[in-house]
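Structural description and commentary
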Amino acid sequence: MGEYHGYAFAESKPQPVFHVEAMTFRDDPILPICVAGLPPEENHTIWGTMISAVSLDLLRAAGLPVDLAWCSYEAATCWIVVSIDIRRLARSGMNEKELADAVAEVLFGSHTGWLVPKVLLVANDIDITDSDQVVWAMATRHHPGTGTYCCPQAPGIPLVPYLTPEEVRTGRGGKSVTSCLPPEQFEGVTKGVTASFRHSYPDRFRNRVEENWTACGFAERALPPR
């Protein structure tokens, strides 16, 4: 049997034994099923969406400068991306470690945080529901020497594949908060302008391209992203 993280393992281990004394049945039942495995599938879409909603509610209730949380389907429920309102962040006066610690305290102390071991923090100019943009932010904004905050004592689900035997035994560790926020974003500004169809050309030019897109032989669904 595969698991939600996308792996199946040959080795077995002791499991509880159930002694069945009676069974009931229903004619013409509706049986919701999930064939767990490589994402994305129902395990990630249904579970991840609910985790996102609960996590956002928790972070908002804690007064943190967060405007969205999204458990990326492709990440097999192993990370959640949190969009930070950098203007509110600047007004809060928090530095990177203080923000990471506050998010970790809220999420890793909750059931949703028990399920998801990694948190990525990005500015709200990134569409965190678009995995391409999340990858771009991670690659260009995360500093590996200063932007990762490990939480070795945080409790977590023992099914995460990369956990050590000790972490599986104790139910703790293997969790982190990763900041993809450059220093200036803690002051409420972003230095670089995104070089894209939306940001690099004037409105008049963009509108003309879009109006003539299909006439030039391109499929409508392939319109350049705004």
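Analysis parameters
Residues numbered from 1 in each chain as written. Predicted model: local features only at pLDDT ≥ 70, side-chain atom pairs only at ≥ 80, totals over all residues. Heavy atoms only, no water. Patch = residues over 30% accessible without salt bridge, like charges linked within 9 Å, V, L, I, M, F, W, Y side chains within 5 Å. Areas by Shrake-Rupley, 256 points an atom, 1.4 Å probe, with all protein chains shown as cover. Salt bridge = Lys/Arg side-chain N within 4 Å of Asp/Glu carboxyl O. Lys, Arg positive; Asp, Glu negative; His and termini not counted. Charge placed at Lys NZ, Arg CZ, Asp CG, Glu CD. Helix = DSSP H or I, 4+ residues; strand = E, 2+ residues; numbered from the N terminus. Pairing = 2+ DSSP bridges. Axes fitted to C-alpha atoms, helices over the stretch in contact; angles between N-to-C directions. Contact = heavy atoms within 4.5 Å. Buried < 20%, exposed > 50% of the residue type's maximum accessible area, 1.4 Å probe, protein only. Core = buried A, V, L, I, M, F, W, Y, C linked by side-chain atoms within 4.5 Å. Expected span 1.5 Å × (residues − 1). Polar contact = N/O pair within 3.5 Å; in protein donor to acceptor, adjacent residues only side chain to side chain.

**Observations concerning a positive patch on the surface**
Judged by side-chain charge, Arg 60, Arg 87, Arg 88 and Arg 91 come together as a positively charged surface patch. A per-element tally of the positive patch places helix H2 (residues 86-92) first, with three residues. By the secondary structure assignment, Arg 60 is in helix H1 (residues 42-61).

**As for the sheet that holds strand S1 (residues 66-70)**
Backbone hydrogen bonds are what pair the strands of a sheet, in a parallel or an antiparallel way. Spatially, S1-S2-S3-S5-S4 is the arrangement adopted by the five strands of the open sheet, whose pairing is mixed. Edge positions in the open sheet fall to S1 and strand S4 (148-150), since each of these has one partner strand only. The mean inter-strand angle of the sheet, taken between neighbouring strand axes irrespective of direction, is 20 degrees. By the bridge criterion, six bridges tie strand S2 (residues 79-84) to strand S3 (residues 118-123) in an arrangement that is parallel. Directly across from Ile 84, in S3, lies its bridge partner Ala 123. On top of the sheet, H1 reaches S1 and S2; it is set at about 155 degrees to S1, its chief contact.

**A word on the pairing of strand S5 (residues 176-179)**
A two-sided burial pattern is seen for S5, the buried positions comprising Ser 176 and Thr 178 on one face and Val 177 and Ser 179 on the other. Relative to S5, S3 runs parallel, the two sharing four bridges. Each bridged residue has a counterpart across the sheet, and for Leu 120 the counterpart in S5 is Thr 178. Examined bridge by bridge, S4 and S5 share three bridges and lie antiparallel to one another. Opposite Cys 150, over in S5, you have Ser 176 as the bridge partner.

**Some remarks on unusual backbone geometry**
Excluding glycine, residues mostly carry a negative phi; peptide bonds, for their part, are mostly trans. Here the amide bond leading from Pro 39 into Pro 40 is cis, since omega sits at 0 degrees, within 30 degrees of zero. Residue placement: Pro 40 occurs in the segment before H1. Residues other than glycine seldom take positive phi values, yet Ala 76 does so here, at roughly 55 degrees. A relative accessible area of 6% places Ala 76 in the buried class. Despite not being glycine, Thr 77 shows a phi value in the positive range, around 60 degrees. Counting through the fold element by element, Thr 77 comes out in the loop between S1 and S2.

**Focus on the nonpolar core**
The tendency in soluble globular proteins is for nonpolar side chains to be buried as a group. Formed by 36 residues in total, the largest nonpolar core has its most connected members in Leu 99, Val 119, Leu 121 and Leu 181. Elements that contribute at least two residues to this core include exactly H1, S1, S2, H2, helix H3 (96-107) and S3. With seven residues, the top contributor of residues to this core is H3. Apart from residues lying up to four places away in sequence, Leu 99 is in contact with Ile 84, Leu 89, Met 94, Leu 121, Leu 181 and Phe 186. Of all hydrophobic cores here, the second largest spans nine residues; its members include Trp 70, Ile 126, Val 134 and Ala 137.

**Examining a nonpolar patch on the surface**
Taken together, Leu 31, Ile 33 and Val 35 make up a surface patch of nonpolar side chains, about 380 Å² in accessible area. Note on placement: Ile 33 falls in the segment before H1.

**Quick word on the environment of Glu 105**
Examined against the element boundaries, Glu 105 turns out to sit in helix H3. Judged by its relative accessible area of 64%, Glu 105 is exposed. C-alpha of Glu 105 to C-alpha of Phe 25: the two residues are 80 residues apart in sequence and 45 Å apart in space.

**Digging into H3**
The end-to-end C-alpha distance of H3, which contains 12 residues, comes to 17 Å, matching closely the 16 Å that a straight helix rising 1.5 Å per residue would cover. Taken as a whole, H3 has its buried residues at Glu 96, Leu 99, Ala 100, Ala 102, Val 103, Ala 104, Val 106 and Leu 107. The backbone nitrogen of Lys 97 lies 3.2 Å from a side-chain oxygen of the residue at the head of H3, namely Asn 95.

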